[in-house]
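Coordinate inspection notes
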Amino acid sequence: FPKKVKEEASSLMLTGFLAAAFMLNLALPGPVGEALSAAMARRKYNISFSHALASLGLSRILGLASACGISGLVYWFAPFEINPDWSFTLQSAAAFLVMSSGFLISIALFPKKAAYIIASIPHPKMFNPLWKAANHFLGALQETLELGWKSYGESFMWALLGHTMVALGIYVATIAIGIQA
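Residues numbered from 1 in each chain as written. Predicted model: local features only at pLDDT ≥ 70, side-chain atom pairs only at ≥ 80, totals over all residues. Heavy atoms only, no water.

1. Some words on helix α8 (residues 149–176)
- Taking 1.5 Å per residue as the helical rise, α8 with its 28 residues ought to reach 40 Å, and the 40 Å between its terminal C-alpha atoms agrees with that figure.
- Listing the buried residues of α8 in full gives Ser151, Tyr152 and Ala159.
- Positive phi shows up at Gly178, right after α8, with a value of about 95°. (Helix = DSSP H or I, 4+ residues; strand = E, 2+ residues; numbered from the N terminus. Expected span 1.5 Å × (residues − 1). Buried < 20%, exposed > 50% of the residue type's maximum accessible area, 1.4 Å probe, protein only.)

Shown next, in the form of structure tokens:
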């Protein structure tokens, strides 16, 4: 959020938006909850559409990056016995997930470079609306990045923490139902 909004916003209200997003995500498919919570914050605090879009996009990018990274690292650190026949396949999948995580984080950290790369990709005219939307989104991410690294760090920390909690929850649930390593 922009600094002015952070000063005006109450922690309780923002927590309410996050709780609403979580509940909506349980009931509706996809990232509908985050989109609706971004719309609520936009309306409540008069945030520009591009900032609301960028906060939603950043949330999804960092969430997906942390989920990919955690999933990939679980292969190397989890105490599971793996059939040797599957070892190469799982190593490849884990490496792909970790590299995907890095790629997504690089888009979030360097949206100008990503926009330049996308603009240089030749494409048929029918894809112009998609290229234009990607350019608009990356521009909004750049605006958000210019608010400061602290905001990005906070977003990444919360995404990583949330997905780590989910991973630990899944691990504890597997133990609870009797699946042992």
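2. Regarding the confidence of the model for the chain
- A residue-level look at the chain finds 89% of positions with pLDDT of 70 or above and a mean pLDDT of 79.
- Here helix α1 (residues 3–8) stands out as the element of the chain with the lowest mean pLDDT, 65, in contrast to helix α6 (residues 111–120), whose mean of 90 is the highest. (pLDDT = per-residue confidence, 0-100.)

3. Section: the nonpolar core
- Of all hydrophobic cores here, the largest spans 16 residues; its most connected members are Leu58, Ile61, Ala108, Leu138, Leu141 and Tyr152.
- When residues of this core are traced back to their parent elements, those giving at least two are α4 (49–77), α5 (84–109), α6, α7 (128–145) and α8.
- Here this core gets five residues from one element, more than from any other, and that element is α4. (Core = buried A, V, L, I, M, F, W, Y, C linked by side-chain atoms within 4.5 Å.)

4. Quick look at the environment of Ala140
- By the element assignment, Ala140 lies in helix α7.
- You can call Ala140 buried: its relative accessible area is 2%.
- Along the primary structure Ala140 and Gly57 are separated by 83 residues, whereas in three dimensions their C-alpha atoms are 9.1 Å apart.

5. Thoughts on the packing of α6 against α7
- Two numbers describe how α6 lies on α7: the axes approach to 8 Å, and their chain directions differ by 165°. Relative to α7, α6 is oriented roughly antiparallel. In this structure, the crossing between α6 and α7 has a hand that is left-handed. For the pair formed by α6 and α7, the contact residues are Pro111, Lys112, Ala114, Ala115, Ile118 and Ala119 on the first element and Trp131, Ala134, Asn135, Leu138, Leu141, Gln142 and Leu145 on the second.
- Looking at the contact of α6 with α7 residue by residue, the class counts come to 10 nonpolar, two polar and one charged. (Axes fitted to C-alpha atoms, helices over the stretch in contact; angles between N-to-C directions. Parallel < 35°, antiparallel > 145°, perpendicular 65-115°, else oblique. Left-handed = near helix turned anticlockwise from the far one by under 90°. Contact = heavy atoms within 4.5 Å. Nonpolar A, V, L, I, M, F, W, Y, C, P; charged D, E, K, R; others polar.)

6. Quick look at the packing of aromatic side chains
- Within this structure, the stated rule accounts for one aromatic pair.
- Ring geometry for Phe127 and Trp131: centres 6.3 Å apart, planes at 40°, overall tilted.
- Taking the relative accessible area as the measure of exposure, Phe127 reaches 33% and is therefore partly exposed. (Phe/Tyr/Trp six-rings, centres within 6.5 Å; stacked < 30°, edge-to-face > 60°.)

7. As for a nonpolar patch on the surface
- Together, Val74, Phe80, Ile82, Trp86, Leu90, Tyr171, Val172 and Ile175 make up an exposed nonpolar region whose accessible area comes to about 690 Å².
- With three residues, the single largest contributor to the nonpolar patch is α8.
- Mapping Ile82 onto the fold places it in the loop between α4 and α5.
- Looking at Ile82, the relative accessible area reads 34%, which means it is partly exposed. (Patch = residues over 30% accessible without salt bridge, like charges linked within 9 Å, V, L, I, M, F, W, Y side chains within 5 Å. Areas by Shrake-Rupley, 256 points an atom, 1.4 Å probe, with all protein chains shown as cover. Salt bridge = Lys/Arg side-chain N within 4 Å of Asp/Glu carboxyl O.)

8. Examining the side chain of Ser101
- Within the secondary structure, Ser101 is located in helix α5.
- In this structure the side chain of Ser101 is engaged in a polar contact, spanning 2.7 Å, whose partner is the backbone oxygen of Ala65.
- Those residues within four positions of Ser101 in sequence are excluded, and the remaining contacts are Ala65, Cys68 and Gly69. (Polar contact = N/O pair within 3.5 Å; in protein donor to acceptor, adjacent residues only side chain to side chain.)

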